[in-house]
Amino acid sequence: MTEFTEPLLNKSFDWVWDIEKKRFFCDPFINIILGTHKSEGIQFKQLVELLDTNQANFLKINIEKAINTKQPVHCHLVFNIAKMKVLAEIIIEQGDLKKVNGEIFFKLILPNQEEEIKIIKELFFKARSLLIVCGAQNRILIVNSLLKPCLGFEEYEVLGQNLFSFLPTSSSDLQEHLFDCENNGSWTGEMLINNKQQQQLPFKAQIFYYPNQDSHKSLFIYQLKKLDFTLSEMTQFTHAKMYWDWYNKIDFFAKIDQVKKQITDQESLVVFVINTLSSSTVNSVFSRWLIGQSIPKLKMFKSIIKLGILNDDQICGLFVSSKIVKDIQKDLTNIFSLLLKNDQQSEHTQVQCHIGVSIYHVDAEDNTKLLSHAVQALASINTDAIEFKTHKIKYFDKRVNQINSRKAKLEVALLECLELDNINVVYQPIINVRTFKIEKVEALARFTLHCSFEYSTQEVIEIAEEIDLIHDIDQKISSIAIAELPVLSAVLKNENLGLSINRSMVYSPKNRSTLDETLELINQCNIEASRITIELTESAIFTDNPQILKAIHRINENNIVLAIDDFGSGYTSFGSLTKLPAGLIKIDKEITTGIVKDKQRQLMIKMFAQFIHAMQGKIIVEGVETKEEFAILLELQVDYIQGYFFSKPLSLADHQHTVANIAKTVEKFQLNALISTKTHISSIMDLLMPTLLHVKPDDRIEDFVTMLEEVDRIAVLKGKKCIGFITQNEINAAISPYVNTDAETVHDRLTLSKRAHQIMLPVEHTCHSDFSIDSLIAHFCFFPRSTMVVTGKTGIYLGSISIEQAKVVMCNMLKQH
C-alpha cells in the first residue's frame with residue numbers, strides 16, 4: 001500500500017461526469033491520484049486511462065445502461081493507481097445525455113503485475129504435476145520442483161536439452177502429437193520417459209500449445225502425472241499371478257472346443273475380442289494388467305466365463321449364455337462391469353474397452369471363423385456400435401446389433417427422461433359390469449423419450465426393471481396418482497373412486513421397502529386405504545421370498561386391496577391362491593385376445609370366475625376392445641371390464657367427458673344387443689308408446705300440471721302436429737317454488753298462468769312411420785338422450801320413441817318369446 005492508495009481504501013466519494021463539457025468531477029479522488037487540487041475536474045479520458053481497455057468499455061456500457069433504464073447500476077472496476085491495482089465499486093445513480101452522477105467506493109488493493117508474476121511462478125513450481133515448458137526445437141526452458149522426485153534429474157541437468165533425448169522410443173510419435181497440439185491447442189495421452197537411471201516410467205500426459213507471432217517463441221507446456229505402476233512392475237505382476245486361462249490362439253481354440261461339449265441346446269457360446277484404451281493408448285500393458293487382476297471376480301458369474309491373452313497385446317474371451325439376444329447383451333455388460341469397477345481405477349487410469357462379438361451356431365461353426373468374425377466386428381466398431389457406459393460393443397450379426405442397439409438407446413433415453421422428469425400419469429377406467437359405472441381407475445406410466453423410433457410402454461418398463469430403476473418410476477407414479485385421486489373422483493363422478501397402482505417386486509435393495517413406502521404415501525394424503533388397490537404380478541406374489549410375503553400380508557392388514565396382475569400368463573396353480581389375501585384377479589389381456597372364437601379361452605375365464613367368486617374375490621378382465629368380447633364376458637359373469645372398448649388411458653385433464661362417453665357406449669351396446677335378438681319387431685310402429693297425454697300451445701300450466709303425475713312427458717300439439725314436449729323439469733323452471741306454500745304471493749300464483757308453448761322443449765328429431773329399425777338404432781347411437789317424433793306422411797303426429805322406452809318394449813317382447 002502506498003501513500004496514494006491508502007487514503008482511498010474503505011472510502012466513498014461522490015462523482016459527476018459532465019458529458020457536454022467532457023469533464024469528470026470528484027475532488028478528493030482527483031486530488032489523491034494527481035497530488036494537486038483540481039476543482040475544475042479532469043478530462044473524462046484521464047479517468048478512463050486508469051483502466052485497461054476491457055474495463056473502460058465495461059464502464060461505458062454501464063453508464064449507457066443507467067441513462068437508458070433510468071435505474072441505478074452497480075459494477076466493479078480495477079483502477080491502476082501508482083503501479084497498484086485498486087478494486088472499486090461504482091454506483092451510477094442517475095443521468096441523462098448531459099450529466100451523469102454517482103458514487104465510487106474503493107474496497108481492496110489487488111496484486112500488481114510483479115506480484116502476479118511471483119504468485120504464478122510459485123504456483124508453477126509447487127504444482128502437483130511435473131511441469132515442463134519447452135520452446136523452439138522442443139528444448140526445455142522451465143521445469144518445476146517435481147523434476148527430481150519424478151525423474152531424479154537436477155534442474156541444471158535438463159535445461160536447454162531437447163525433450164526427445166529423454167524418451168525411450170522414437171521421437172516421431174511425440175512429434176505427431178505436437179503437430180496435433182498446433183492444430184487443436186492440446187493433446188492428452190500416455191508417455192514413457194527415461195529417468196536418470198534409464199528406467200522407463202509411464203506418465204499421464206497433457207501437452208498445451210501457446211502460439212506466438214514469432215514461431216521461435218511459441219511454447220509447449222507438458223503436464224505429466226506419474227502412473228501407479230512402471231512397465232516392468234506390471235509385467236512382473238502379470239506373469240507372477242497366472243489368472244489368464246490361455247496365452248495364445250491354440251490354447252484359446254482348445255478351450256472353445258472344451259466348452260462346446262458342455263453347453264446345452266438352450267445355451268449359446270459367445271466369443272469376444274477386446275481392444276483396450278487407457279490414456280489414449282491402445283492395448284497398453286497397464287490396461288491388460290488391470291483386467292488380468294480382476295479376473296477372480298468373475299467366479300461370482302452364474303455360468304462359464306473365461307479370459308485369456310490372444311497375442312502379445314490383445315485380450316479375448318468366451319462365456320456361456322442363453323439363446324435370447326437381450327440375455328447375451330446383459331451377461332456381456334455384467335462381465336465388463338465386474339472387470340472394470342470404478343473403484344479399481346484412479347482418475348488417470350480409466351480403461352475403455354471396444355468389444356467385438358461372435359456367437360457359435362449364429363455367426364460360425366468352426367473356431368477360426370468364430371474368432372475371425374469377432375475380430376471383424378471389432379474392426380468396424382466405430383460404425384453402429386452399442387454404447388455401454390464408456391465402452392463400445394459390436395456384434396458380427398447385424399440383427400443382434402440392431403436389437404441390442406435399440407435397447408441401449410432406449411436405456412439412455414430412459415435415463416435422460418428420468419433426469420428431466422418427463423414421466424406422466426394416465427388413468428384407465430375399470431367398469432363394474434353390474435352397474436356400468438366407473439368403480440376404479442388404474443394409474444399407468446407414460447414416458448416421453450427422445451428416440452428416432454417407436455417404442456412401447458411395456459418395453460420401457462422391462463428396461464427399467466433390468467437397470468433397477470423401476471422402483472423410482474413406481475414411486476413417482478404412485479405419489480402423483482394418490483395425490484390426484486380426490487380431483488379424479490370429482491371428474492369421474494364417484495366420490496369413492498378406487499385407484500389401482502402397479503408396484504414391481506423385482507427383488508433388489510431399492511425395492512425392499514416398496515410396499516411400505518406406498519402405505520406411507522396413502523397415509524400422508526388422508527386417503528382411505530380400502531380405496532387403493534396394489535397390483536402385483538403373479539411371479540412376485542407366488543414367491544418364497546419371506547420379505548416379499550411379509551410385505552404382502554402387511555398390505556392386507558392395512559385394508560389395502562391386493563390384486564394379482566396378468567393372472568393366467570404364468571399358469572399359477574389354484575392351490576396357491578388359497579394361501580394369499582388377494583381380493584382381485586386380473587385376467588391377462590393375452591387370454592382376452594381371441595376369446596370370441598376360442599371356446600377354450602371362454603371356458604378358462606368361466607372357470608377362473610367361478611373359483612375366484614367361491615374364494616370371495618372378484619375378477620377383472622383387461623384388454624377388452626370390441627363389443628363382441630364385452631358381450632361374451634358379460635355371459636361369463638366377470639365382475640369388472642377394463643379396455644379400449646370403454647376408454648383408453650387418459651391424463652386427468654383429458655377425462656372430462658369420460659363418464660358421458662362410457663354412458664353412450666353402454667346405451668349403444670344395449671340397444672344393439674336388443675335389436676339383434678330374434679324378436680317380431682317389423683317396424684318402428686311396434687316400438688311406439690301409447691299416445692301421450694297432450695295439450696294445446698295456449699293451455700295454461702295450472703290446467704295440465706297434474707298430468708305429469710301419470711306420464712314422464714306431455715306432448716304439445718298444434719292441430720294434429722307435435723311441436724314440443726313438456727317434462728317436470730320445464731314445469732319446475734317455470735313456476736315459483738312458493739306456489740301452494742304459506743309464502744305464496746299473487747305474483748307467485750301468476751306463474752301458473754304461463755302457456756304451454758312458452759315453456760315447452762321444441763321438437764328436434766322427426767321421422768315417418770316407414771323409418772327403418774337400423775336407421776333408428778343409428779340415430780340413438782348419436783343422440784341417446786333424444787326423443788324421436790313419428791309422423792304420418794302428411795305430418796300427423798302418431799307417437800314418440802325414446803331409447804329407454806324402446807328397451808322396455810323389446811325386453812317385454814323377448815320375455816314373451
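Residues numbered from 1 in each chain as written. Predicted model: local features only at pLDDT ≥ 70, side-chain atom pairs only at ≥ 80, totals over all residues. Heavy atoms only, no water.

Okay, the nonpolar core next. Tyr-427, Phe-447, Leu-499, Ile-532, Ile-587, Leu-633 and Ile-641 are the most contacted members of the largest nonpolar core, which totals 69 residues. Leaving out residues up to four positions away in the same chain, Ile-587 has contacts with Phe-567, Ile-605, Phe-608, Ile-619, Ile-620, Val-621 and Glu-622. Formed by 34 residues, the second largest nonpolar core is a distinct cluster that contains Phe-286, Trp-289, Cys-353 and Val-400. (Core = buried A, V, L, I, M, F, W, Y, C linked by side-chain atoms within 4.5 Å. Buried < 20%, exposed > 50% of the residue type's maximum accessible area, 1.4 Å probe, protein only. Contact = heavy atoms within 4.5 Å.)

A separate point is the packing of aromatic side chains. All told, the structure shown has 20 aromatic pairs when counted by the stated rule. Each ring, one from Phe-124 and one from Phe-125, has its centre 5.4 Å from the other, and the planes form 90°; the classification is edge-to-face. Centroid distance Phe-645 to Phe-646: 5.0 Å. Interplanar angle 70°. Geometry classified as edge-to-face. The ring of Phe-725 carries Arg-713 above its face, with NZ or CZ at 5.5 Å from the centroid. (Phe/Tyr/Trp six-rings, centres within 6.5 Å; stacked < 30°, edge-to-face > 60°. Lys NZ or Arg CZ within 6 Å of the ring centre and 35° of its normal.)

Before going further, it helps to spend a moment on the pattern of salt bridges. Summed over all chains, the structure comprises 14 salt bridges. Close ionic contact of Glu-154 with Lys-148 constitutes a salt bridge, the shortest N to O distance being 2.6 Å. Residue class for Glu-154 comes out partly exposed when judged on its relative accessible area of 28%. What makes Lys-148 partly exposed here is its relative accessible area of 47%. Close ionic contact of Asp-397 with Arg-399 constitutes a salt bridge, the shortest N to O distance being 2.8 Å. Note on Asp-397: relative accessible area 8%, which makes it buried. In this structure, a network of salt bridges that share partners links the residues Glu-442, Glu-535, Lys-586 and Glu-622. (Salt bridge = Lys/Arg side-chain N within 4 Å of Asp/Glu carboxyl O.)

Let us now look at a nonpolar patch on the surface. A cluster of nonpolar residues, Met-685, Ile-796 and Leu-798, forms a patch on the protein surface that exposes about 220 Å² of accessible area. With respect to the helices and strands, the residue Met-685 is situated in the loop between α23 (658-675) and β27 (694-695). With a relative accessible area of 36%, Met-685 lands in the partly exposed category. (Patch = residues over 30% accessible without salt bridge, like charges linked within 9 Å, V, L, I, M, F, W, Y side chains within 5 Å. Areas by Shrake-Rupley, 256 points an atom, 1.4 Å probe, with all protein chains shown as cover. Helix = DSSP H or I, 4+ residues; strand = E, 2+ residues; numbered from the N terminus.)

So, on to the sheet that holds strand β19 (residues 423-432). Around the barrel, which closes on itself, the 8 strands sit in the order β19-β20-β21-β22-β23-β24-β25-β26 with mixed pairing between neighbours. Taking each pair of neighbouring strands and ignoring which way they run, the sheet shows an average axis angle of 30°. Against the sheet, helix α21 (residues 599-614) engages β23 (561-567), β24 (584-587) and β25 (618-622), with an angle of about 150° to β25. (Pairing = 2+ DSSP bridges. Axes fitted to C-alpha atoms, helices over the stretch in contact; angles between N-to-C directions.)

Note on placement: Phe-208 falls in strand β10 (residues 200-210). In this structure, the C-alpha to C-alpha distance between Phe-208 and Asn-184, residues 24 residues apart in sequence, is 9.2 Å. Sequence-distant contacts of Phe-208, defined by excluding residues within four places in its chain, comprise Gly-185, Ser-186, Leu-219, Phe-220, Ile-221 and Gln-223.

This brings us to the confidence of the model for the protein. Overall, the predicted model of the protein reaches an average pLDDT of 83, with 87% of residues at or above 70. Taken together, the stretch residues 343-348 has pLDDT below 50 and engages in 11 contacts with residues farther than four places along the chain or on a different chain. (pLDDT = per-residue confidence, 0-100.)

Attention now goes to the packing of helix α11 (residues 325-339) against helix α13 (residues 398-420). Running from N to C, α11 and α13 point in directions that differ by 65°, and their axes come no closer than 10 Å. Classified by the angle their axes make, α11 and α13 are roughly perpendicular. Classified by chirality, the crossing of α13 by α11 is right-handed. For the pair α11 and α13, the contacting residues are Val-325, Lys-326 and Gln-329 in the first and Val-400, Ile-403, Asn-404 and Lys-407 in the second. (Parallel < 35°, antiparallel > 145°, perpendicular 65-115°, else oblique. Left-handed = near helix turned anticlockwise from the far one by under 90°.)

In this section: the side chain of Asp-397. Considering the arrangement of structural elements, one finds Asp-397 in the loop between β18 (391-395) and α13. A polar contact is formed between the side chain of Asp-397 and the side chain of Arg-399, at a distance of 2.8 Å. Those residues within four positions of Asp-397 in sequence are excluded, and the remaining contacts are Val-362 and Asp-363. (Polar contact = N/O pair within 3.5 Å; in protein donor to acceptor, adjacent residues only side chain to side chain.)

As a further point, take the sheet that holds strand β3 (residues 42-43). Strand order in the open sheet formed by 6 strands is β3-β2-β1-β6-β5-β4, and the pairing between neighbours is antiparallel. With partners counted over all chains shown, the strands left at the sheet margins are β3 and β4 (73-81), one partner each. Judged from the 10 bridges that link them, strand β5 (residues 84-95) and strand β6 (residues 99-110) form a sheet pairing that is antiparallel. When the bridges of β6 are listed, Ile-91 appears paired with Glu-103. Strands in contact with helix α3 (residues 53-69) are β1 (11-18), β4, β5 and β6; relative to β4, the strand with the most contacts, it is inclined by about 150°.

Let us look at helix α12 (residues 367-379). One turn of an α-helix holds 3.6 residues; hence residues three or four places apart share an orientation. Under the 1.5 Å per step criterion, the end-to-end length of α12 is 18 Å for 13 residues, consistent within 8% with the ideal 18 Å. Those residues of α12 not exposed but buried are Asn-367, Leu-370, Leu-371, His-373, Ala-374, Ala-377 and Leu-378. Around the axis of α12, the buried residues are gathered within 160° of arc, so they sit on the same side. What points out from α12, more than 90 degrees from its buried face, is the exposed set Thr-368 and Ala-379. The N-capping residue of α12, defined by a side-chain oxygen 3.2 Å from the backbone nitrogen of Thr-368, is Asp-366. (Expected span 1.5 Å × (residues − 1). Arc of directions from axis to C-beta.)

Located in the positive-phi region is Asn-10, a residue other than glycine, with phi close to 60°. For Asn-10, the location among the structural elements is in the segment before β1. Residues other than glycine seldom take positive phi values, yet Asp-421 does so here, at roughly 60°.

With respect to the helices and strands, Val-351 occurs in strand β16 (residues 351-359). For Val-351 and Ile-291, which are 60 residues apart along the polypeptide, the C-alpha to C-alpha distance reads 9.0 Å.

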